[in-house]
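Take a look at the letters that make up each chain.
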Amino acid sequence: SNVTYLGQEQAQNIDIELFDEYKFSIDQLMELAGLAVAKAVEKSYPDRGEVLIVCGPGNNGGDGLVAARHLALFNYKPTVVYPKQPNKHPFPSLLHQVKAMGVSVSPSLPSDLSTYTCIVDAVFGFSFRGANNIRAPFDTIITALVNTTVPIASVDVPSGWEVEEGSPNGIQPDVLISLTAPKLCAKQFRGRHHWLGGRFVPPALAQKYSLNLPEYPGSDQIVLI
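In this text, all values refer to a predicted model and were calculated from it rather than measured experimentally. The residue count restarts for each chain, going from 1 along the sequence in the order it is written. Thresholds applied to this predicted model are a pLDDT of at least 70 for local features of residues and 80 or more for the giving and counting of side-chain atom pairs; totals over whole chains, interfaces and linings are not thresholded and use all residues. To get the side-chain values, take all heavy atoms of the structure and skip hydrogens and water.

## Some points on the side chain of Asp174
Move 1: Tracing the backbone shows Asp174 in the loop between strand S5 (152-155) and strand S6 (175-179).
Move 2: If we skip the residues at most four places from it in the chain, Asp174 touches Tyr45, Pro151, Ile152, Phe189, Gly191, Arg192 and His193. Put simply, DSSP H or I for four residues or longer makes a helix, DSSP E for two residues or longer makes a strand, and each gets a number counted from the N terminus. Here a residue-residue contact requires only that any non-hydrogen atoms of the pair lie within 4.5 Å.

This is the structure in structure tokens:
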């Protein structure tokens, strides 16, 4: 019950330490984060239906691409929406991998969302600032996600939420998958399941930042908060 919730700067510092002090590569952390997202989707929506994964231009979108690949391996029918496709490592490789799984990738949101079991919101993550100046096409995408009745599973931070304050008028996800540790905005989450994933935090790092995190059961990649 006394789980640690991170502010934006703390979350960024922990990320930097994972890379600089602990020598993780972006690929490793993204793979484990995306796998955790796919596992949380599988536990929350066990019917192997069609899943729409909406990916943003940064690392949150990379987690979404990894999750889409794993969901295909778990026998879901994922479709990826990826409007801005950065040309820097590791994004082109992640995109290639997801296409090689036979997953269709589109630059724009389908007009009818009602066929999907759930929508994975992997648009913006913990680096996000400025809910009032979201650029196209993500402004209209987030509006569509606010207005849909299809359940949404948000990756780390519901897109468009301020990382610390949240957003009462923003996306209201059914499921939240916090990564590494929950962000302060997760206290505003009112959905069904709050999962924690990203089981890669070294004990010394958890101790340095006084992270009080729930125990992962057995070898599971996710745990309910």
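## Brief notes about the environment of Pro182
Move 1: Examined against the element boundaries, Pro182 turns out to sit in the loop between S6 and strand S7 (193-197).
Move 2: In this structure the C-alpha to C-alpha distance between Pro182 and Leu94, which are 88 residues apart in sequence, comes to 25 Å.

## Points about unusual backbone geometry
Move 1: At the junction of His89 and Pro90, the peptide bond is cis and its omega measures out at 0° in the coordinates.
Move 2: Here Pro90 is to be found in the loop between strand S2 (77-81) and helix H4 (91-100).
Move 3: Of note in this structure, Asp156 is not a glycine but carries a positive phi near 70°.
Move 4: On the secondary structure map, Asp156 appears in the loop between S5 and S6.
Move 5: On the basis of relative accessibility, which here comes to 4%, the residue Asp156 falls in the buried class. In this scheme, a residue with accessible area under 20% of its type's maximum is buried, one over 50% is exposed, and one in between is partly exposed, where area comes from a 1.4 Å probe on protein chains only.

## A few points about the nonpolar core
The nonpolar side chains of a soluble globular protein tend to be buried, and buried together.
Move 1: Residues belong to one nonpolar core when they are buried, are Ala, Val, Leu, Ile, Met, Phe, Trp, Tyr or Cys, and are joined through side-chain atoms within 4.5 Å. In this structure, Ile53, Leu65, Val80 and Ile177 are the most contacted members of the largest nonpolar core, which totals 35 residues.
Move 2: Mapped onto this core, the elements with two or more residues apiece are helix H2 (26-44), strand S1 (50-55), helix H3 (59-73), H4, strand S4 (118-122), S5 and S6.
Move 3: Residue contributions to this core peak at seven residues, all from H2.
Move 4: If sequence neighbours within four positions are ignored, Leu65 has contacts with Cys55, Val80, Tyr82, Phe91, Leu94, Leu95 and Val98.
Move 5: Membership of the second largest hydrophobic core comes to 17 residues, among which are Leu52, Ile141, Ile142 and Leu145.

## Focus on H4
Move 1: Taken together, the buried positions of H4 are Phe91, Leu94, Leu95 and Val98. Projection of H4 onto a plane perpendicular to its axis shows the buried side chains occupying an angular sector of 100°, all on one side. With respect to the buried face of H4, the exposed residues turned more than 90 degrees away are His96 and Ala100.
Move 2: Elements that come into contact with the buried residues of H4 comprise H2, H3, S2 and strand S3 (104-106). Directions drawn from the helix axis to the C-beta atoms are what define this arc.

## A look at the side chain of Thr180
Move 1: Among the secondary structure elements, Thr180 is positioned in the loop between S6 and S7.
Move 2: Classification of Thr180 as buried rests on a relative accessible area of 11%.
Move 3: Discounting chain neighbours no more than four positions away, the residues touching Thr180 are Ile14, Leu196, Gly197, Gly198, Phe200, Val201 and Leu213.

## What about the sheet that holds S5?
Move 1: Strands sit in the order S3-S2-S1-S4-S5-S6-S7-S8 across an open sheet of eight strands; the sheet is mixed. A strand with exactly one partner marks an edge of an open sheet, and here the two such strands are S3 and strand S8 (222-224). Sheet twist, expressed as the mean angle between neighbouring strand axes with direction ignored, is 20°.
Move 2: Think of it this way: DSSP has to see at least two bridges between two strands before they count as a pair. In this structure, S7 lies alongside S8, joined through three bridges in antiparallel fashion. Its bridge partner lying in S8, Leu196 is registered against Val223.
Move 3: Between N-to-C directions, angles span 0 to 180 degrees; the directions come from axes that are lines fitted to C-alpha atoms, helices contributing only their stretch in contact. Contacts between H2 and the sheet are confined to S4, S5, S6, S7 and S8, with S7 contributing the most and set at about 150° to the helix.

## Digging into helix H5 (residues 138-147)
Move 1: Burial in H5 covers these residues: Phe138, Ile141, Ile142 and Leu145. Axial view of H5: buried residues confined to an arc of 95°, hence all on one face. Of the exposed residues in H5, those oriented more than 90 degrees away from the buried face are Thr140 and Asn147.

## Topic: the pattern of salt bridges
Move 1: Any Lys or Arg side-chain nitrogen located within 4 Å of an Asp or Glu carboxyl oxygen qualifies as a salt bridge. Per the counting criterion, the structure on display carries five salt bridges.
Move 2: Close ionic contact of Glu17 with Lys208 constitutes a salt bridge, the shortest N to O distance being 2.6 Å. Within this pair, whereas Glu17 is found in helix H1 (residues 8-20), its partner Lys208 is found in helix H6 (residues 203-208), the two being separated by 191 residues in sequence.
Move 3: Classification of Lys208 by relative accessible area gives exposed; the value is 57%.
Move 4: The salt bridge partner of Asp156 is Lys183, with a shortest N-O separation of 2.8 Å. In this pair, Asp156 is assigned in the loop between S5 and S6 and Lys183 in the loop between S6 and S7, connecting sequence segments 27 residues apart.

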